[in-house]
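# Analysis of the macromolecular model
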Amino acid sequence: MSFPIQRPRRLRRTEALRGLVRETRLTTAGFIYPMFVCPGMNVRKEVGSMPGVYQQSVDQIVEECREVESLGIPAVILFGLPESKDPRGASSLAKTGVVQRAIEAIKAAKLSLLVITDVCLCEYTDHGHCGVVEHGEVLNDPTLEILAQQALSHARAGADIVAPSDMMDGRVGAIRTLLDGHKFENVAILAYAVKYCSGFYGPFREAADSAPKSGDRRSYQMDPANAREAIKEVALDLEEGADMVMVKPALPYLDIIRAVRERVDVPLGAYNVSGEYAMVKAAAQKGWIDEKRVTLEILTGIQRAGADMILTYHAKDVARWLKN
Ligand code: PBG
């Protein structure tokens with residue numbers, strides 16, 4: 001049966017009809033808002049390439065968390081800008097580290113927000129790589145213990161979920177074992193299982209001061225040309241004990257989000273990364289695109305591709321738009 005019996009336009013006539021038959025309903029319920037914690041008091045410094053995103057001291061982080069919660073966003077993910085850096089990222093383990101103190105402060109404020117922490121070394125090492133470096137090579141196995149200790153320090157401070165983003169092999173298993181050994185069996189792991197070596201992380205590296213001083217991340221992050229390998233990375237992380245997995249970035253990898261969604265049943269996240277955010281903000285500032293319309297279209301697309309959770313710097317803007 002086809003035209004004139006079939007008329008798809010019948011269901012597009014009014015907003016009420018379109019709303020009734022809409023397949024993807026964008027909500028804030030799966031949003032995770034990324035935040036950057038720095039030392040000091042009363043510090044709130046906007047990131048040049050990411051309008052609306054700030055490097056903030058713990059007191060300011062707590063204030064913004066109140067706002068995030070009141071907007072109906074269920075979770076934040078924290079990144080740290082430490083006071084000092086060294087070759088092994090020792091400052092990432094300190095009980096008094098920026099991220100550890102931020103977790104404690106958010107929990108002390110009795111917010112119901114879920115606190116997720118990014119587990120990685122690049123923000124804490126003086127060379128800016130995500131693992132220990134020797135003779136120009138990023139070493140895998142010696143990095144695992146440091147990552148696991150970092151995750152444990154986050155759990156001790158009160159983190160609900162830890163999210164390893166380093167892309168070392170075996171880190172999910174190392175983290176799960178150490179957490180369980182210290183009775184943190186209820187702290188969940190959201191693995192950055194599929195993380196591509198992407199140019200879209202540029203603005204983040206300004207925000208987190210985490211650009212590698214030499215070389216690049218190609219020996220540990222995935223080649224953008226590979227899709228089958230994504231399925232393998234997901235399978236390995238799930239075998240090691242990941243509760244949830246993530247694909248990152250989101251926009252150039254919607255096919256990967258869809259492929260992972262079709263193969264596994266665990267909750268799936270997608271990271272709408274800094275460069276994706278910066279492009280929208282810059283074009284909107286120039287008046288070249290309609291920011292609200294484009295942002296809602298992008299996030300709907302990521303959800304439609306199969307993401308249950310979206311890590312996005314647009315979270316607060318979108319929450320406001322969806323309320324009105
Ligand atoms: C690594 C990490 C990165 C991002 C999240 N975790 C950067 C990198 O791998 O260089 C990027 C997030 C973004 O671009 O928004 N700790």
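The following paragraphs examine the structure supplied in this document. If you're wondering where the values come from, they're calculated on a predicted model, not measured in any experiment.

## Some remarks on the overall build of the protein
Within the protein one finds 11 helices and 12 strands. Here the protein has a C-alpha radius of gyration of 20 Å; the compact-globule value for 324 residues is 20 Å, and the two agree. Taken over the C-alpha atoms alone, the protein extends approximately 70 × 45 × 40 Å along its principal axes. In the protein, buried positions account for 53% of the 324 residues. Sequence-distant contacts in the protein: of pairs separated by 6 or more residues, those separated by 24 or more amount to 74%. Carbon and sulfur atoms provide 52% of the accessible area of the protein, an area that totals close to 14800 Å². The protein carries 40 positive and 42 negative side-chain charges, and their two centres are separated by 9 Å.

## With respect to the environment of glycine 89
Topologically, glycine 89 is positioned in the loop between β4 (75-80) and α3 (98-108). Non-local contacts of glycine 89, meaning those with residues more than four positions away in its chain, are made with Tyr124 and Thr125.

## What about the side chain of serine 210?
Relative to the elements of secondary structure, serine 210 occurs in the loop between α6 (202-207) and α7 (228-240). Not counting residues within four places of it along the chain, the set of residues in contact with serine 210 comprises Cys122, Glu123, Gly128, Phe204, Arg205 and Arg217.

## A look at the layout of surface pockets
Considering only enclosed or pocket space, the largest pocket measures out at about 180 Å³ in volume. Around the largest pocket sit Val138, Leu139, Asn140, Met167, Met168, Asp169, Ser219, Tyr220, Gln221, Met222, Glu229 and Glu233, which together line it. Counting only elements with at least two residues in the lining of the largest pocket, the list comes to β7 (137-139) and α7. Of the residues in the lining of the largest pocket, the class split is 6 nonpolar, 3 polar and 3 charged.

## Here we look at the pairing of strand β9 (residues 188-195)
Of all 8 residues making up β9, 8 are buried, and the element is well covered by its neighbours. Where strand β8 (residues 161-164) meets β9, 2 bridges bridge the pair, whose relative direction is parallel. From the neighbouring strand, valine 162 faces β9, where its bridge partner is isoleucine 189. A crossover connection joins β8 to the parallel β9 through helix α5 (residues 171-181); in handedness this β-α-β unit is right-handed.

## Here we look at the site of the ligand
Close to the ligand lie 19 residues; Lys195, Arg205, Lys248, Ser274 and Tyr313 are nearest. One of the side-chain nitrogen or oxygen atoms of serine 165 is found 3.1 Å away from a nitrogen atom of the ligand. Contact distances for the ligand include 3.2 Å between a nitrogen atom and a side-chain N or O atom of lysine 248. The protein chains hide 100% of the 400 Å² of surface that the ligand would expose on its own. In this structure, the ligand is accommodated by the largest cavity.

## Focus on unusual backbone geometry
Backbone torsion omega between phenylalanine 3 and proline 4 reads 10°, so that peptide bond is classified as cis. For the bond from lysine 248 to proline 249, the omega torsion is -15°, close enough to zero to count as cis. With respect to the helices and strands, the residue proline 249 is situated in the loop between β10 (244-248) and α8 (254-263). Not every positive phi belongs to a glycine, and lysine 110 is a case in point at roughly 60°. In this structure, lysine 110 sits in the loop between α3 and β5 (114-119). Look at methionine 167: it is not a glycine, yet its phi comes out positive at around 70°. By the secondary structure assignment, methionine 167 is in the loop between β8 and α5. According to the relative accessible area criterion, methionine 167 is buried, its value standing at 4%.

## Describing the side chain of serine 91
Tracing the backbone shows serine 91 in the loop between β4 and α3. Engagement of the side chain of serine 91 in a polar contact is seen with the backbone oxygen of serine 84, the distance being 2.8 Å. Residues within four places of serine 91 in sequence aside, it is in contact with Pro82, Ser84, Gly97 and Tyr124.

Conventions adopted
- Residues numbered from 1 in each chain as written.
- Predicted model: local features only at pLDDT ≥ 70, side-chain atom pairs only at ≥ 80, totals over all residues.
- Heavy atoms only, no water.
- Helix = DSSP H or I, 4+ residues; strand = E, 2+ residues; numbered from the N terminus.
- Rg over C-alpha atoms; globule rule 2.2 N^0.38 Å.
- Buried < 20%, exposed > 50% of the residue type's maximum accessible area, 1.4 Å probe, protein only.
- Contact = heavy atoms within 4.5 Å.
- Areas by Shrake-Rupley, 256 points an atom, 1.4 Å probe, with all protein chains shown as cover.
- Lys, Arg positive; Asp, Glu negative; His and termini not counted.
- Charge placed at Lys NZ, Arg CZ, Asp CG, Glu CD.
- 1 Å grid on protein atoms, 1.4 Å probe; cavity = no way out; pocket = protein on both sides within 12 Å on 5 of 7 lines; lining within 4 Å.
- Points joined across faces, edges and corners; volume = space filled by probe spheres on them.
- Nonpolar A, V, L, I, M, F, W, Y, C, P; charged D, E, K, R; others polar.
- Pairing = 2+ DSSP bridges.
- Right-handed = clockwise from strand over helix to strand, strands pointing away.
- Near = heavy atom within 4 Å.
- Polar contact = N/O pair within 3.5 Å; in protein donor to acceptor, adjacent residues only side chain to side chain.
- Sits in = over half its atoms within 2 Å of the grid points.

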